[in-house]
Amino acid sequence: MKTSFGPQKILFPLPTSLVVTGNMDKANIVTIAWVSLLTSNPPTLGISVGTKGFSGKEILKNKEFSVNIAGVDIMKEADFCGISSGKDVDKFAKTGLTKMPSKYIKSPIIKECPLNFECKLVSSSVVGTTNHFAGEILELYMDTDKLNDPDNPRSLDIELFNPLIYIGGAREYRKIGEKVGDSYQIGKSLL
Ligand SMILES: Cc1cc2nc3c(=O)[nH]c(=O)nc-3n(C[C@H](O)[C@H](O)[C@H](O)COP(=O)(O)O)c2cc1C
C-alpha cells in the first residue's frame, strides 16, 4: 500500500557539503546538503541556502563561494557547521578545519575535504524562504591519495573517499555502500 503525506521535503542520499564564504582572513563555513550539479556547459553547481541566515547574505554580497565535500572523518565538524552561525562564532577556529587559498576566488577551500569546487555566482533566485544559487565551477580539486590514477579525477576511489552521506527526513549520517552495477551499461540488456 502507498500512503500520501502531502508536500514534504524528504530526499536521500545527499552529499554533506561545506560551503565557504568570505576570504582567507575571515571566512565562514555552512553545512549544505541541498546541492546538485545543474548544467554541463558551463559546469555549474546549485546550492539551496536559506534567505534568513548569515551565509545566504554573504554569497549575495561576495558573488562567490567554495563547495567542499566532507568525508566521514569530519562528521562532528560538519554537523557543528550546520548547527552554529558565522554571526556568532568563527567556525574555522572552533573546528580546527584548515583554510587553503583558492586560485580564482577569495573564499578559501577546506584542506580536510577531499573534493573542492571554486564557484562564481552566475544566477540566483528565491523561492519562498530559500535562495537557489547557481555557481559556475571555475576549478575543482581532488586529493590524489583518493584517486587510482593521479591524473584522472574520474578514477576516484569512492571507498577511500568515504563521503559523509546525509539522509534527509531521518536526519542521519551514513556511509557509502557497495557497488551494485555500472551505469550506462547495465540497462543495455533491455535495449
Ligand atoms: C546535515 C545538515 C544539512 C543542512 N543543509 C542545509 C541546506 O541544504 N540549506 C540550508 O540553507 N541550510 C542547511 N542546513 C542548516 C545550516 O547549515 C544552518 O542553518 C547553519 O547554522 C547556518 O550557518 P550560518 O548562519 O553560518 O550561515 C543544514 C544543516 C545540517 C546539519
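Note: the structure precedes this text.
Residues numbered from 1 in each chain as written. Predicted model: local features only at pLDDT ≥ 70, side-chain atom pairs only at ≥ 80, totals over all residues.

(A) How the structure looks around the sheet that holds strand 5 (residues 44–50). The strand order across the open sheet built from 7 strands is 3-2-6-9-10-5-4, with neighbouring strands paired in antiparallel fashion. Each edge of the open sheet carries a strand with a single partner, namely strand 3 (27–32) and strand 4 (35–39). The mean angle between the axes of side-by-side strands here comes to 35°, regardless of whether they run parallel or antiparallel. Sheet contacts for helix 1 (residues 54–62): strand 2 (17–22), strand 3, strand 5, strand 6 (64–69), strand 9 (115–127) and strand 10 (130–142); angle to strand 2, the most-contacted strand, approximately 55°. (Pairing = 2+ DSSP bridges. Helix = DSSP H or I, 4+ residues; strand = E, 2+ residues; numbered from the N terminus. Axes fitted to C-alpha atoms, helices over the stretch in contact; angles between N-to-C directions. Contact = placed C-beta atoms within 7 Å.)

(B) Looking closely at the nonpolar core. Counting residues in hydrophobic clusters, the biggest one holds 30 residues, and the most contacted among them are L18, V19, V20, I29, I32, I47 and V67. Mapped onto this core, the elements with two or more residues apiece are strand 2, strand 3, strand 5, strand 6, helix 2 (75–81), strand 8 (109–110) and strand 9. Setting aside residues no more than four positions away along its own chain, I32 makes contact with S17, V19, I47 and V49. (Core = buried A, V, L, I, M, F, W, Y, C linked by C-beta atoms within 7 Å. Buried ≥ 20, exposed ≤ 12 C-beta atoms within 10 Å, placed from the backbone.)

(C) Seen up close, the site of the ligand. Close to the ligand lie 21 residues, the nearest being W34, S55, G82, S85 and G86. Elements represented by at least two residues in the shell around the ligand include exactly strand 3, strand 5 and helix 1. Considering each element in turn, the shell around the ligand owes the most residues, 4 residues, to strand 3. For the shell around the ligand, the per-class residue count stands at 8 nonpolar, 11 polar and 2 charged. (Near = placed C-beta within 6 Å. Nonpolar A, V, L, I, M, F, W, Y, C, P; charged D, E, K, R; others polar.)

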